[in-house]
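# Structure assessment
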Amino acid sequence: AFVLTGIPGLPMSSYWMALPLCCLYLLMLLGNCTLIWMIKTEHSLHTPMYYFLSMLAVADLGLSLSTLPTMLAVFWFESTSLCFEACVVQMYFIHSFSTIESGVLVAMAFDRFVAICYPLQYASVLMSSLIMKVAGAIFMRGICVVLPVAILIKKMPFCGSHVLSHSFCLHQDMLRLVCGDIRVSSLYGLIAVILTKGLDSLTILLSYVMIIRAILNIASHEARAKAFSTCISHLCAVLIFYIPLIGLSIIHRFGKHLPPLTHMVLADAYLLVPPVLNPLVYSWKTKQIRRRILILLCRR
């Protein structure tokens, strides 16, 4: 069995940490489930942009629920032991949903690109059939790309220390404890990250270069501001997701000398911050969602 870690330097029975974690998970569940419910029930939100937003909410739910059992077990029940098979399964779901979320952010960038650069062709390009195919491809990519990672790690020999650096299982963290040859697994993991999140980030960057060029060509200052305002929510979601991800990847490969607390904070930010903040950002910046929430509150 692996031994999970809480906050370095603090006792395991940190109820002051368990309570905020519970609040974060409740906020995440409430925010993302409300988004999905509103998009499903409100016919005015049945557009490509909101379909992609509901996919983002599903990915956020999956990412958070993958870590929920062990995070609460460590901080609330002081249970730090996790069997090997459960750790591999958790690692698989964490990285799968992370890859899915990255793909959804690319789809949302494409949606904004078509809406701003080719507004007259928006309805004909982003039809329901294309959205279904894109959704299927995104979820299949997340499922298939991470599967070899789980298969390879399951065949690895573990000896010596079984203490992980986090309160959940990550691929890089598990590789650190392998006492055999990890070159194949490490190389595949690196290639998988480059071909998914690396290409995704470059695609999003390229999309926004073309979006900014199109916005600057708009004559009216008011129209430029309105066009750019439709991208702010997505830009926030991209930054919230990629900044902790890049930081965590860098310190896992090059920051082994850093204090354990640094690894823990970045890993928790990578897995908890996007699912909590995305519904808040979209509710705040999207007029239709904000109006729908106000109507529901007034009815109550």
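For the protein chain, the name recorded in an unreviewed UniProt entry is Olfactory receptor, with Phalacrocorax carbo as its organism. Turning to the protein chain, the UniProt annotation filed under Sequence similarities (unreviewed entry) states: "Belongs to the G-protein coupled receptor 1 family."

## Some points on helix H7 (residues 183–216)
An ideal rise of 1.5 Å per residue puts 50 Å on 34 residues; H7 measures up with 47 Å between its terminal C-alpha atoms. Helix geometry: H7 is bent most strongly at Ile194, by close to 30°. Among the residues making up H7, those that are buried are Ser185, Gly189, Ala192, Thr196, Lys197, Asp200, Ile204, Ser207, Tyr208, Ile211, Ala214 and Ile215.

## Let's talk about the packing of helix H2 (residues 48–75) against helix H5 (residues 128–154)
Relative orientation of the contacting elements H2 and H5 amounts to 20°, with a least axis distance of 11 Å. Considering the angle they form, H2 stands roughly parallel to H5. Classified by chirality, the crossing of H5 by H2 is right-handed. Counted together, Pro48, Tyr51, Phe52, Met55 and Val58 of H2 and Ile131, Val134, Ala135, Ile138 and Phe139 of H5 form the full contact between these two elements. Across the contact of H2 with H5, the residue classes break down as 10 nonpolar, no polar and no charged.

## Overview of the packing of aromatic side chains
Throughout the structure, instances matching the rule amount to nine aromatic pairs. Seen in terms of ring centroids, Phe2 and Phe84 are 5.9 Å apart; in terms of plane orientation they differ by 40°. Their pairing is tilted. Here the residue Phe2 occupies a position in strand E1 (residues 2–3), and Phe84 occupies one in helix H3 (residues 84–117), the gap between them amounting to 82 residues. Taken as a pair, Phe2 and Phe84 share a single burial class, namely buried. Within the aromatic cluster, the residues linked to one another by ring pairs are Phe2, Phe84 and Phe158.

## Some points on the UniProt feature "transmembrane region" (unreviewed entry) in the protein chain
The residues that UniProt annotates with the feature "transmembrane region" (unreviewed entry) are residues 15–37, 49–68, 130–153, 231–251 and 263–282. From the first C-alpha to the last, residues 49–68 spans 29 Å; its make-up is 100% helix and 0% strand.

## A word on H2
The terminal C-alpha atoms of H2, which comprises 28 residues, lie 40 Å apart, in line with the 40 Å expected from a rise of 1.5 Å per residue. At Leu68, H2 shows its strongest bend, of approximately 40°, with the proline Pro69 following within four residues. Of all the 28 residues making up H2, 22 are buried; the element is thus mostly covered by neighbouring parts of the structure.

Conventions adopted
Residues numbered from 1 in each chain as written. Predicted model: local features only at pLDDT ≥ 70, side-chain atom pairs only at ≥ 80, totals over all residues. Heavy atoms only, no water. UniProt positions renumbered as here; feature names shortened; annotations may be inferred. Helix = DSSP H or I, 4+ residues; strand = E, 2+ residues; numbered from the N terminus. Expected span 1.5 Å × (residues − 1). Bend = angle between axes of the 7 residues up to and from the residue. Buried < 20%, exposed > 50% of the residue type's maximum accessible area, 1.4 Å probe, protein only. Axes fitted to C-alpha atoms, helices over the stretch in contact; angles between N-to-C directions. Parallel < 35°, antiparallel > 145°, perpendicular 65-115°, else oblique. Left-handed = near helix turned anticlockwise from the far one by under 90°. Contact = heavy atoms within 4.5 Å. Nonpolar A, V, L, I, M, F, W, Y, C, P; charged D, E, K, R; others polar. Phe/Tyr/Trp six-rings, centres within 6.5 Å; stacked < 30°, edge-to-face > 60°.

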